[in-house]
Amino acid sequence: MRIDTPTVQLPPGRDIIDVFGDFLRYMYDCVRMHIINTHVDGNRLWSSLNGTAHFVLSHPNGWGSYQQGKMRDAAIRGGLIRNTPEDRERIEFVTEGEASFHWCVEQAIAGGALKEGTNIVVADLGGGTIDVSSFLVKTPRPLRLQEQMAPDCSLAGSITVTDRFDPHAKLLTGKLHGTPYGDDDYMLTLREEFDEDTKCLFRDDGDSEVYIRIGGRRDNFEDENGLCKIEFGLLEAQRQDIVDAFEPSVAATVNAIRKHIAGRRDAGQVVKVDSVYTEHVNSRACRTPESVTWSQSIQRYNGTRSNITFTDMDPSAFDYIGWFHCEIPASAMTRRTGAHGAYWAVEYDIVITLGTVEIKAHVEWEENGIKKKTPANSMWEDYY
């Protein structure tokens, strides 16, 4: 769904990652001051968390590894973590659908539904996106859920209703051109009042006219044709214009909820599972110890056939969505002797973890009898 929103001009040399990073820094400082000022020996408590705490960031259901990577970059710029492999692992993610479900559990809203075998649909109707998820309760205590299908994410949240009403608002204020109410300040006031008041109070039954505050109680105006009227600071708008602004968001919400209630999966959808995939690998032989690079591209099946085990069974339906990359240090290599003399090589396991918001991979090996591993590496959707 396309959203026509005004272009935001950022200061020179600043990008959206800087903006997000500044916001995270602000939130981080607020939490720091709250802990220090409200807990006994708050400075010592904060010092014990500083540099070791994990941060869990939520994002819309439709976001993937590419957006998660940008959020990590913002956390680095905001000073939450350092740009090291170890610190990057301290940023974790949760979809807004899953976060909403846990909120329902915490508020006891979903308490009666937490029975084994129950299907639960959670709709998070947010400011920017509509996020709908569905879960099967495997066990209530401890709570264990199975995702029923890929979550839905529609760019149809509350702010898009305001954006769709903007053209109607511009027509209204255009009729006020040449009057004291025809400047940009009144246009901005009209948008803010619609977003914060009119939109929130709007119902599906009511009068054909709706009034939006644009001035004070002493402000009154009516054009010569009676098409634009202000009474006591309230500008008259047509009800159908507001219905039209709501309609795409309502339709997207209803369709997503109905699909999840019916348990209808789209072609090619992959549901998260709780599993870890491990593959044992031998590196190529080297005359001297050197670091080993492991890279692996990832493909996704978007077709409609079932029981696909090889890419050549439906080659046109596979898309590249990213890749993994790990560096194994030279110290992991061991000296061996073969038919052509001595050489160096390393045996390692490729471990891919599924079942979380991020797909991660790392490499494990033994070095002097001690198991070691590379930092977890996320999947990057650079192919999009």
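Quick caveat, the model's predicted, so the values are computed rather than measured.

Caption draft 1: Molecular detail of the overall build of the protein chain. If you tally the helices and strands in the protein chain, you get 8 helices and 19 strands. Every one of the 384 residues in the protein chain was classed for burial, and the buried ones make up 35%. Intrachain contacts of the protein chain at a sequence separation of at least 6 include 61% that bridge at least 24 residues.

Caption draft 2: Expanded view of the packing of aromatic side chains. The tally for this structure, following the rule as stated, stands at 5 aromatic pairs. Between the aromatic rings of Y28 and W46, the centroid separation amounts to 5.5 Å while the plane-to-plane angle is 65 degrees, which identifies the pairing as edge-to-face. Of the two residues, Y28 is situated in helix 1 (residues 16–38) and W46 in helix 2 (residues 42–49); the sequence distance between them amounts to 18 residues. Seen in terms of ring centroids, F101 and F135 are 5.3 Å apart; in terms of plane orientation they differ by 50 degrees. Their pairing is tilted. Here F101 is found in helix 5 (residues 96–106), whereas its partner F135 is found in strand 4 (residues 130–139), with 34 residues between them in sequence. Grouping residues by exposure puts F101 and F135 together as buried. A network of ring pairs unites the aromatic residues Y28, W46 and F55 as a single cluster.

Caption draft 3: Layout of the side chain of D18. Examined against the element boundaries, D18 turns out to sit in helix 1. Polar contacts involving the side chain of D18 include one to the side chain of R77, which spans 2.8 Å. Setting aside residues up to four positions removed in sequence, D18 forms contacts with G13 and R77.

Caption draft 4: Focus on the pattern of salt bridges. Following the criterion strictly, the structure yields 15 salt bridges and no others. One salt bridge connects R90 with D87, and the closest N-O pair in it is separated by 3.1 Å. Just as R90 is buried, D87 falls in that class too. The shortest N-O distance in the salt bridge between K259 and D152 comes to 3.0 Å.

Caption draft 5: Expanded view of helix 1. With 23 residues, helix 1 extends 33 Å from end C-alpha to end C-alpha; this agrees with the ideal 33 Å at 1.5 Å per step. I17, D18, G21, L24, Y28, I35 and I36 are the residues of helix 1 that are buried. The inward-facing, buried residues of helix 1 contact helix 2, strand 1 (55–59) and helix 3 (65–77).

Reading the values: rules and limits
Residues numbered from 1 in each chain as written. Predicted model: local features only at pLDDT ≥ 70, side-chain atom pairs only at ≥ 80, totals over all residues. Heavy atoms only, no water. Helix = DSSP H or I, 4+ residues; strand = E, 2+ residues; numbered from the N terminus. Buried < 20%, exposed > 50% of the residue type's maximum accessible area, 1.4 Å probe, protein only. Contact = heavy atoms within 4.5 Å. Phe/Tyr/Trp six-rings, centres within 6.5 Å; stacked < 30°, edge-to-face > 60°. Polar contact = N/O pair within 3.5 Å; in protein donor to acceptor, adjacent residues only side chain to side chain. Salt bridge = Lys/Arg side-chain N within 4 Å of Asp/Glu carboxyl O. Expected span 1.5 Å × (residues − 1).

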